[in-house]
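Secondary and tertiary structure notes
Residues per chain are reported as follows:
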Amino acid sequence: MTSVAAESGLIVAGVLFVLGLVGIMVRRNILFVLMSLEIMMNAAGLAFVIAGARWMRSDGQVTFIFVLSAAAAEVSVGLALFLRFFRHSRTLNSDEANTLRG
Amino acid sequence: MNLLFYMASAVAVVSTLMVITRTHAVHALLYLVVSFLAIAVIFFILGGPFIAALEVIIYAGAIMVLFVFVVMMLDFGRPQPKRNRWMILRVWTGPSFLALILFVEFAFVISGRARPLPTNPIPPKEVGVSLFGPYLLGVELAAMLLLTGIVGALHLALRKRQPAHRFFDKGGPK
């Protein structure tokens, strides 16, 4: 048992996740939406690690590594989509992306 | 130990709040790096030195560099009135102040004055044994996911090739 209570850690993870969610819903700039996605994935990984530390098992950290690889793949594809979208429409506003015709 | 944890958490929350309220992408990226560093400190306090290093190297290093590359590749069509506009004092004082807090915590822990760190940190060896033991299938799936990410990003970001002559232009799908 670490000296930090698991509850406070989970509260921090929840606050970070909600901040990322608010960022996704409030911002229209696609780059900020991608950043908020990163924040949310990071908060989810933090919750895994806290749970792993609570039971002193390494499974939480292993899951964090998986979350890390998923985030890396997600951000590479997301940024490629973002480049494509920006070249196509010359704007950063995600509301402009309401048609899928190339 | 608790105090260090709460300070790092406060830094993480404040810098994340700044990320989602900035107007300029580069300023937000600065705060995002600080947020990831703060979360790395939290990981270290919780007893995961290995993933704290991974957080710094991969999140704050690689993924943020990817974002910065994309911001550099695009010019956002904004005229730059002054050459040194990004050097304005108040742009970097906020992130540096937050990073300074983290650095003080780091120095405090390194100096050995903190009470025994995480009572029993999970060593990297245990993580590795678990990763390549019961979770081997997950590792292979992650490898396939990363390969798919590479191929997908390459395919999406390639510009359409200009034909050398209109004779070679077969008129692909418009």
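Because the structure is predicted, anything quoted here is derived from the model rather than measured. Residue numbers here run from 1 along each chain, matching the order of that chain's written sequence. Written order decides the labels, with chains lettered from A and ligands numbered from 1. Only residues with pLDDT of at least 70 are given local features in this predicted model, and only at 80 or more are side-chain atom pairs given and counted; all residues enter the totals for whole chains, interfaces and linings. Side-chain numbers here rest on the full set of heavy atoms in the structure, without hydrogens or water.

Attention now goes to the overall build of chain A. The secondary structure content of chain A amounts to three helices and zero strands. Helix and strand assignments follow DSSP, with helices taken as H or I runs no shorter than four residues and strands as E runs no shorter than two, numbered in order from the N terminus. Scanning chain A from its N terminus toward the C terminus, one meets helices and strands in the order α-α-α. By the compact-globule yardstick of 13 Å for 102 residues, chain A is too spread out, its C-alpha radius of gyration being 17 Å. Taken along the three principal axes of its C-alpha coordinates, chain A extends 55 × 25 × 15 Å. C-alpha atoms define the radius of gyration in this analysis, and the globule rule sets the expected value at 2.2 Å times the number of residues to the power 0.38.

What follows covers the overall build of chain B. Along the backbone of chain B there are six helices and zero strands. When its helices and strands are written in sequence order, chain B yields α-α-α-α-α-α. Counting across all 174 residues of chain B, residues that qualify as buried make up 32%. Only the protein chains shown count as cover for residues, with accessible areas throughout obtained via the Shrake-Rupley method and a probe of 1.4 Å. For chain B, the computed accessible surface area is about 11,400 Å², with 71% contributed by carbon and sulfur atoms. Working definition: with a 1.4 Å probe on protein chains only, accessible area under 20% of the residue-type maximum means buried, over 50% means exposed, and in between means partly exposed.

What follows is about the interface of chain B and chain A. Across the boundary between the two partners, chain B contributes 62 residues, which contact 53 residues of chain A. Buried area is a sum: the accessible area each of two parts loses on coming together, probed at 1.4 Å, counted once for each and added. Of the roughly 5,200 Å² buried where chain B meets chain A, counting both sides, 77% is carbon and sulfur surface. We define a salt bridge as a contact between a side-chain nitrogen of Lys or Arg and a carboxyl oxygen of Asp or Glu at a distance within 4 Å. Inspection of the region where chain B meets chain A yields zero salt bridges. Polar contact criterion, stated in full: a pair of N or O atoms within 3.5 Å, where within protein one must be able to donate a hydrogen and the other to accept it, and residues adjacent in sequence count only if both atoms are side-chain atoms. At the surface where chain B touches chain A, the tally comes to six residue pairs in polar contact (both at pLDDT 80 or more). If you list the elements that add at least two residues to the side of chain B that touches chain A, you get α1 (2–19), α2 (25–45), α3 (49–73), α5 (124–131) and α6 (136–157) of chain B. Top element by residues in the side of chain B that touches chain A is α3 of chain B. It accounts for twelve residues. Residues are grouped as follows: Ala, Val, Leu, Ile, Met, Phe, Trp, Tyr, Cys and Pro are nonpolar; Asp, Glu, Lys and Arg are charged; every other residue, Gly included, is polar. For the side of chain B that touches chain A, the per-class residue count stands at 43 nonpolar, 14 polar and five charged. Contacts are residue-level and defined by heavy atoms, with any inter-residue pair within 4.5 Å sufficient.

Attention shifts here to helix α2 (residues 30–54) of chain A. Residue and element names in this part refer to chain A. Helix span, as expected, comes to 1.5 Å for every residue beyond the first. Along its 25 residues, α2 runs 36 Å from first to last C-alpha, staying within 8% of the 36 Å computed at 1.5 Å per residue. Burial analysis of α2 places 18 of its 25 residues in the buried class, the great majority of the element. Sitting at the amino-terminal end of α2 is N29, which places a side-chain oxygen 3.0 Å from the backbone nitrogen of L31. Positive phi shows up at M56, right after α2, with a value of about 55°.

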